[in-house]
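A closer look at the structure
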Amino acid sequence: MTSPQLNSISETSKLRSVLAAIVLCFALFALASGSIFMTIATQDMSANQVALNRVAIAAIVFAVWNGFRAIAPQQSESTPIGWRDVGLLTLAGGSFAAFVVCLAWSLAHTQVANATLLTHMMPIFTTLGGWLFLGQRYSLQFWIGLVIALGGAIAIGAGDLSLASDTILGDIAALFAAVFIAIEMLVVEQLRTRFATPTITMCECAIATVLVLPTVLWNGSALLPPSWESGLAVIAAALVTQVTGHGLLTYSLKQYSAGLISVALLAVPIIAAGLAMVWFGQTIQGWSAIAFLVVLTGIYLTVTAPKH
């Protein structure tokens, strides 16, 4: 292979890396915006009601998207779906539904600081799961970055952390939420080697809708938003957070490992805090600002770590 060809391949590889990083950043910002929409919607609705509407609307959007892809021959799905794929898709959707329910339970039975901190322990489970079950290997720089990022995340929530006996069930639910979202990411990482993002996300949202629906009906809650304000917030959560944020995150799992993306997700609370400053006039204390920088440093080390 000639030198010009090698240079061309190298430039193409660099361009793809830059585009992948941009896509991941957009995903993080879209996911962080979910806290704003959740705050507005939960004034009139329960967390499970918001989650149900969010995944149901997203399932419809992705179904329409796949319909257009089926019409265009060059975009149609050519990969046959076997029983193993059905099992993985069901596991992904079920894990995401369990994550939503556990997170809602934790927010109702423990402090927000506890739920946020314990839920963002997911990098531990994704990296260990990838290492134990998928044979993934990480460099020393990645592990150092992971420890630094987790240390910063713990420091952010340590000031408000409360380990009271009456909140233990909520704390356990938050920890289970971290486990379930880690499972979902590891499974989707495997599915991305065979299927396009719209196919995976449509199936995942549809399965999650079916599984979350009984939790809403059990409480006798209404299925639709009670006001136009909560309705707009739910639609925004579906289109921005679920379709755009989770969709781009699923797309990124073909470029990055679940372990790396789970560490990058530690930036979501930081971005959400910045959005809260703009939307609600909230402030960030000096200690939290330092911890945010620590998290970003750890994320930078993991993202720039050499691949194995």
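Up top you'll find the structure we're talking about.
About the thresholds
- Residues numbered from 1 in each chain as written.
- Predicted model: local features only at pLDDT ≥ 70, side-chain atom pairs only at ≥ 80, totals over all residues.
- Heavy atoms only, no water.
- Helix = DSSP H or I, 4+ residues; strand = E, 2+ residues; numbered from the N terminus.
- Contact = heavy atoms within 4.5 Å.
- Areas by Shrake-Rupley, 256 points an atom, 1.4 Å probe, with all protein chains shown as cover.
- Phe/Tyr/Trp six-rings, centres within 6.5 Å; stacked < 30°, edge-to-face > 60°.
- Buried < 20%, exposed > 50% of the residue type's maximum accessible area, 1.4 Å probe, protein only.
- Expected span 1.5 Å × (residues − 1).
- Bend = angle between axes of the 7 residues up to and from the residue.
- Salt bridge = Lys/Arg side-chain N within 4 Å of Asp/Glu carboxyl O.
- Axes fitted to C-alpha atoms, helices over the stretch in contact; angles between N-to-C directions.
- Parallel < 35°, antiparallel > 145°, perpendicular 65-115°, else oblique.
- Left-handed = near helix turned anticlockwise from the far one by under 90°.
- Nonpolar A, V, L, I, M, F, W, Y, C, P; charged D, E, K, R; others polar.

The helix and strand inventory of the protein stands at 13 helices and 0 strands. For the protein, the succession of helices and strands along the chain, N to C, is α-α-α-α-α-α-α-α-α-α-α-α-α. Partitioning the contacts of the protein with sequence separation of at least 6, the portion at a separation of at least 24 is 87%. Surface exposure of the protein reaches about 15,500 Å², of which carbon and sulfur atoms provide 71%.

In the structure shown here, the tally under the stated rule is 6 aromatic pairs. On the numbers, 6.0 Å between centres and 40° between planes, the contact of Phe96 with Phe99 is tilted. Of the two residues, Phe96 and Phe99 are both situated in helix 4 (residues 83-109); the distance of 3 residues between them amounts to about one turn of the helix. Accessibility assignment for this pair places Phe96 and Phe99 in one class, buried. Among the aromatic residues, ring-to-ring pairing joins Tyr138, Phe142 and Trp143 into one connected group.

On to helix 10 (residues 228-252), then. The terminal C-alpha atoms of helix 10, which comprises 25 residues, lie 34 Å apart, in line with the 36 Å expected from a rise of 1.5 Å per residue. Residue Ala237 marks the point of greatest curvature in helix 10, where the axis turns by about 25°.

Bringing the pattern of salt bridges into the picture now. What the rule picks out here adds up to 1 salt bridge. For Arg194, the salt bridge is made with Asp85, and the minimal N-O distance between the two is 2.9 Å. Here the residue Arg194 occupies a position in the loop between helix 8 (168-191) and helix 9 (197-218), and Asp85 occupies one in helix 4, the gap between them amounting to 109 residues. Note on Arg194: relative accessible area 34%, which makes it partly exposed.

Two elements in contact, helix 3 (residues 47-71) and helix 10, have axes whose closest approach is 8 Å; the angle formed by their N-to-C orientations is 60°. Taken together, the axis directions place helix 3 and helix 10 in an arrangement best described as oblique. Handedness of the helix 3/helix 10 crossing: right-handed. Residues Val50, Asn53, Arg54, Val55, Ile57, Ala58, Val61 and Phe62 of helix 3 pack against Val234, Ile235, Ala237, Ala238, Leu239, Thr241, Gln242, Val243 and Gly247 of helix 10. Tallied by class, residues from the contact of helix 3 with helix 10 come to 12 nonpolar, 4 polar and 1 charged.

In short, shape yes, function no, at least from these values alone.
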